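Secondary and tertiary structure notes
One-letter residues, chain by chain:
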Amino acid sequence: MGDIVSLIGKRLGYGLITLLVISVIIFFMVEMLPGDAAEAILQMGATEENLAALREEMGLDRPAIIRYFDWLAGAVVGDFGVSITSGEPVSAIIGERFVNTLFLAAYAAVIAVPFAVILGIVVALLRNTLFDRVANVLTLTSISSPEFFLGYVLILLLAVRTDMFPSLASLSADMSFGELLHRTFLPALTLVLVVTAHMMRMTRAAIINLLSSPYIEMARLKGTPPLKVIVRHALPNAWAPIINVIALNLAYLITGVVLVEVVFVYPGIGQTLVDAVSKQNFPVVQACCLIFAATFILLNLAADVGAILTNPRLRHPK
Amino acid sequence: MSTFVIVYFAFLIGASCLAAYMDRRSVFMPLFSLTLVSFVVGIVGGTSGLWFIAIAAGLLALAAGTSYAFREFLVAILPTNAAKELKTAPLTAAFGLFVMFTYAIAGFFAPWIAPHGETEVIASAFAPADENMLLGADQLGRDMFSRIVYGTRNSVGLALLATSAAFLLGASAGLYAAVRGGWMDQFLGRAADVIMSIPSLIFALLMLAIFGPKIIVIIIAVAIIFSPRVFRLVRSVAGNVVVMDYIEAAKLRGEKRGYLIRKEILPNSTAPLIAEFGLEFCFVFLLVAGLSFLGLGIQPPAADWGSMVRENATLISFGDITPLIPAAAIALLTVAVNFVVDWMLFRSSGLKE
């Protein structure tokens, strides 16, 4: 037991270091720019005096290292500084939108995960049949399409032509949960299509890989019924790759969400990030990038930890 | 029962019987499955459902026929060695090659193919299609079809350039790490880990926010984001080659590092590298398309598929599919490259599945 704890602890520490390195990259890449936030705020009205005054007020006259630790300490407790364009605190802009994004990702995940895993297993069992071929072509097409293509096709088919779902996912606070689900169905479905395709292919590959191992062949040869081969022999070893696939694809969801939010004008953090990028609103960009990177790392960590927990061999690294 | 339904089923059943009589199993099975599916769809969806199935099957058959003809054409014109390889290629790979060939033609000869200039305003905004404009006009009144043709050049060209940059960076770092070994190897490996743990789109957005949406920034950003994948592959492939006896022999001969990389390692690791280039291209192409969709890619007035979708998206809410054509063009090329890569991986690994 102690083994597992120290192994997971090591993995967590490693993830934390990665996150730190990324925060350094995010912070100091912005620092490399000529000019600073004070110039960006004052723009044409900048004079030597008011620039200096604003710099002192914002703490920009201190060395970059100290400001970095300041920023990091703030970021840990959710304080990302002040937006350049509106002067609001960044956390106020991002907070609610982040919840919206998490909701959308969770909505998509709840549909996609069981669907994709089951389909992936079915396709793996029926490999090289017509069904498998069709599924292969369909998932490949779905992976190869840009997210916005799928999104607009869905809008065209389900919103414009048939009017079943709203094409824009505008939210308001007093919506009932059912209405919320209805409103956000199309963006969620777009994500589901992309993620399901990835997940199905990965699950299929993992299962096929497993089914070709010698002990499965042994079980077949000794006359075990097919269902029992799967349930008793294959499944216990399949959990590790399946958990891995799920976590990796949830991490993929995090980036896919940016484009989908823009297509459906969904009030989420991805939309905010894109706006901030085009307006060069750096505090917001930094905050969003850090949040996305942290979530991504966290999910990858979850994949590794899940793999360690379900695969005894990984607990005793050579 | 309209004439269409009668002719349709008569044709299908007749063709199936003919195939069965001639003992062509591979023709008979799809034809007869299509007949059965058509029965079901015809009962459920009526004539319109049948039309849909007929058109879909027709398109599929057209694609298959084109790929078959293109494969035979390539086999006929290529030298014997390459032709032998191609003869066994699956139809999907031939289809992929055909699509890539078409895009290449469209890209190279864009000024001759496109009826109008890239930025030439010839009609009112969103003018419908007429005999002058195949697909109508875009939001500024420029010919949509011409812009799609020119877009091949810009979008695919940028993606190719960026992929090559990523490849150059990743492959040279990987080869260097494999040959050099030691702490340099370790350091490059860790750096690759860190870059890979940042979501690619987010990293690209960060770079673009800082340095502005310029083409050179996109290329550098993509090179940094995607080089770790190439690095890892090259590192592992080259790592396997480096321990071979002939490398040892070359080292003992006193060959330099550059010679080792160029003459000994690279020729022995090209097959997986080419396949990786294809895969990498798909990722890069989708990322760049996403960026230009967000308005951060190739800047107007240059034609670019991603931004064309965004600019004309309003048409979609009127039920018009023209804005989807550039997006479909992106998807089609990515699928095509994937098909070819699948075939090459299959060939180089000799795996059955």
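For clarity, every value in this text was computed on a predicted model and none was experimentally measured. (Residues numbered from 1 in each chain as written. Chains lettered and ligands numbered in written order. Predicted model: local features only at pLDDT ≥ 70, side-chain atom pairs only at ≥ 80, totals over all residues. Heavy atoms only, no water.)

It is worth spelling out the overall build of chain A at this point. When you go through chain A residue by residue, the secondary structure sums to 13 helices and 0 strands. Along chain A, from the amino end to the carboxyl end, the secondary structure elements read α-α-α-α-α-α-α-α-α-α-α-α-α. Seen through its C-alpha atoms, chain A measures out along the principal axes to roughly 85 × 60 × 35 Å. Restricting the contact set of chain A to residue pairs at least 6 apart, pairs at least 24 apart contribute 72%. Total accessible area on chain A stands at roughly 15800 Å², and carbon and sulfur atoms take up 68% of it. For chain A, the centre of its 20 positive side-chain charges and the centre of its 22 negative side-chain charges are spaced 24 Å apart. (Helix = DSSP H or I, 4+ residues; strand = E, 2+ residues; numbered from the N terminus. Contact = heavy atoms within 4.5 Å. Areas by Shrake-Rupley, 256 points an atom, 1.4 Å probe, with all protein chains shown as cover. Lys, Arg positive; Asp, Glu negative; His and termini not counted. Charge placed at Lys NZ, Arg CZ, Asp CG, Glu CD.)

What follows is about the packing of helix H11 (residues 226-263) of chain A against helix H13 (residues 282-310) of chain A. Residues and elements named next belong to chain A. Close contact between H11 and H13 brings their axes to 8 Å; oriented N to C, the two are set at 175°. Relative to H13, H11 is oriented roughly antiparallel. Packed against H11, whose contacting residues are Trp-239, Ala-240, Ile-243, Asn-244, Ala-247, Leu-248, Leu-250, Ala-251, Ile-254, Val-257 and Val-258, the element H13 presents Phe-292, Thr-295, Phe-296, Leu-299, Asn-300, Ala-302, Ala-303, Gly-306 and Thr-310 at the interface. Residues belonging to the contact of H11 with H13 are distributed by class as follows: 15 nonpolar, 5 polar and no charged. (Axes fitted to C-alpha atoms, helices over the stretch in contact; angles between N-to-C directions. Parallel < 35°, antiparallel > 145°, perpendicular 65-115°, else oblique. Nonpolar A, V, L, I, M, F, W, Y, C, P; charged D, E, K, R; others polar.)

We now examine unusual backbone geometry. Residues and elements named next belong to chain A. Although it is not a glycine, Val-265 adopts a positive phi angle of roughly 50°. Locating Val-265 in the fold gives a position in the loop between H11 and helix H12 (269-279). The backbone of Gln-280 sits at a positive phi, close to 55°, despite the residue not being glycine. One can find Gln-280 in the loop between H12 and H13.

Bringing the interface of chain B and chain A into the picture now. On the side of chain A, 43 residues touch chain B, which itself brings 44 residues to the contact. The contact between chain B and chain A buries some 3700 Å² in all, and 82% of this surface belongs to carbon and sulfur atoms. Interface area lost by chain B to chain A is led by B:Ile202, B:Leu206 and B:Ile210, which between them contribute 16%. Where chain B meets chain A, there are 0 salt bridges. Connecting chain B to chain A are 4 residue pairs in polar contact (both at pLDDT 80 or more). (Buried area = accessible area lost by both parts, 1.4 Å probe. Salt bridge = Lys/Arg side-chain N within 4 Å of Asp/Glu carboxyl O. Polar contact = N/O pair within 3.5 Å; in protein donor to acceptor, adjacent residues only side chain to side chain.)

What follows deals with the packing of helix H8 (residues 200-211) of chain B against helix H9 (residues 215-242) of chain B. The geometry of a pair of packed helices is captured by two quantities: the angle between their axes and the separation between those axes. Residues and elements named next belong to chain B. Put simply, H8 and H9 touch, their axes get as near as 10 Å, and they point 145° apart. Every pair of crossing elements has a handedness; the one defined by H8 and H9 is right-handed. For the pair H8 and H9, the contacting residues are Ser-200, Phe-203, Ala-204, Met-207, Leu-208 and Phe-211 in the first and Val-217, Ile-218, Ile-220, Ala-221, Ile-224, Ile-225 and Phe-226 in the second. For the contact of H8 with H9, the class distribution of residues is 12 nonpolar, 1 polar and no charged. (Left-handed = near helix turned anticlockwise from the far one by under 90°.)

Here the focus is the nonpolar core. Counting residues in each nonpolar core, the largest one holds 130 residues, and the members touching the most others are A:Phe148, A:Tyr152, A:Leu273, B:Leu205, B:Phe293, B:Leu294 and B:Trp305. The element contributing the most residues to this core is H13(A), with 13 residues. Those residues within four positions of B:Leu294 in sequence are excluded, and the remaining contacts are A:Val258, A:Leu259, A:Val262, A:Val274, B:Leu205 and B:Arg310. By size, the runner-up hydrophobic cluster in this structure holds 16 residues, among which are B:Val242, B:Ala250, B:Leu260 and B:Leu273. (Core = buried A, V, L, I, M, F, W, Y, C linked by side-chain atoms within 4.5 Å. Buried < 20%, exposed > 50% of the residue type's maximum accessible area, 1.4 Å probe, protein only.)

In this section: a nonpolar patch on the surface. Residue and element names in this part refer to chain B. Nonpolar side chains collect at one region of the surface, where Ile-13, Phe-32, Leu-36, Phe-39, Val-40, Ile-43 and Val-44 lie side by side and expose about 700 Å² of accessible area between them. Top contributing element to the nonpolar patch by residue count: helix H2 (residues 25-77), with 6 residues. Inspection of the secondary structure assignment puts Ile-13 in helix H1 (residues 3-21). The class of Ile-13 is partly exposed, set by a relative accessible area of 38%. (Patch = residues over 30% accessible without salt bridge, like charges linked within 9 Å, V, L, I, M, F, W, Y side chains within 5 Å.)

Moving on to the side chain of A:Thr184. All names here are of chain A. As for its placement among the helices and strands, Thr-184 is situated in the loop between helix H8 (177-183) and helix H9 (185-211). At 2.7 Å, the side chain of Thr-184 and the backbone oxygen of Leu-180 are in polar contact. Residues in contact with Thr-184, not counting those within four places in the same chain, are Phe-103, Leu-104, Tyr-107, Leu-171 and Tyr-266.

The next subject is helix H6 (residues 130-144) of chain A. End to end, H6(A) covers 21 Å across 15 residues, agreeing with the expected 21 Å (1.5 Å per residue, within 8%). Along H6(A), the residues classified as buried are A:Asp132, A:Ala135, A:Thr139, A:Leu140, A:Ser142, A:Ile143 and A:Ser144. (Expected span 1.5 Å × (residues − 1).)

Residue and element names in this part refer to chain B. Tallied over the entire structure, the rule returns 11 salt bridges over all chains. The partner of Glu-72 in a salt bridge is Arg-71, and the shortest N-O contact between them spans 3.8 Å. As a salt-bridge pair, Asp-193 and Arg-190 come within 3.3 Å of each other at their nearest N and O atoms. Of this pair, Asp-193 and Arg-190 both sit in helix H7 (residues 182-196), 3 residues apart, which is roughly one turn of the helix. One continuous salt-bridge network, built from bridges that share partners, spans Asp-138, Arg-142 and Arg-147.

Okay, the environment of B:Gly174 next. Residue and element names in this part refer to chain B. By secondary structure assignment, the location of Gly-174 is in helix H6 (residues 144-180). With relative accessibility at 0%, the residue Gly-174 sits in the buried group. Separated by 141 residues in the primary sequence, Gly-174 and Ser-33 have C-alpha atoms spaced 50 Å apart. Gly-174 has contacts with Phe-231, Val-234 and Arg-235, leaving out every residue within four places of it along the chain.

So, on to the packing of aromatic side chains. Summed over the entire model, instances satisfying the criterion amount to 23 aromatic pairs over all chains. Seen from their ring centres, B:Phe70 and B:Phe98 are 5.2 Å apart, and the 70° between their planes marks the pair as edge-to-face. Taken together, the positions of B:Phe70 in helix H2 and B:Phe98 in helix H4 (residues 91-108) put the pair 28 residues apart, joining distant regions of the chain. Since its relative accessible area comes to 8%, B:Phe70 is described here as buried. B:Phe98 gets classed as partly exposed once you look at its relative accessible area, which sits at 27%. Members of the aromatic cluster, connected to one another through ring pairs, are A:Phe27, A:Phe28, A:Tyr68, A:Phe69 and A:Trp71. Of note, B:Arg310 hangs over the ring of B:Phe293, and the distance from its end group to the ring centre comes to 5.4 Å. (Phe/Tyr/Trp six-rings, centres within 6.5 Å; stacked < 30°, edge-to-face > 60°. Lys NZ or Arg CZ within 6 Å of the ring centre and 35° of its normal.)

This next bit is on the confidence of the model for chain B. For chain B, mean pLDDT is 85; residues scoring 70 or higher make up 98% of the total. As scored by the predictor, the complex reaches a pTM of 0.86 and an ipTM of 0.85. (pLDDT = per-residue confidence, 0-100.)

All names here are of chain B. Looking at the secondary structure, you find Leu-50 in helix H2. Residues Leu-50 and Ser-26, 24 residues apart in the sequence, show an inter-C-alpha distance of 23 Å. If we skip the residues at most four places from it in the chain, Leu-50 touches Phe-4, Val-5, Tyr-8, Phe-9, Ser-38, Val-41 and Gly-42.

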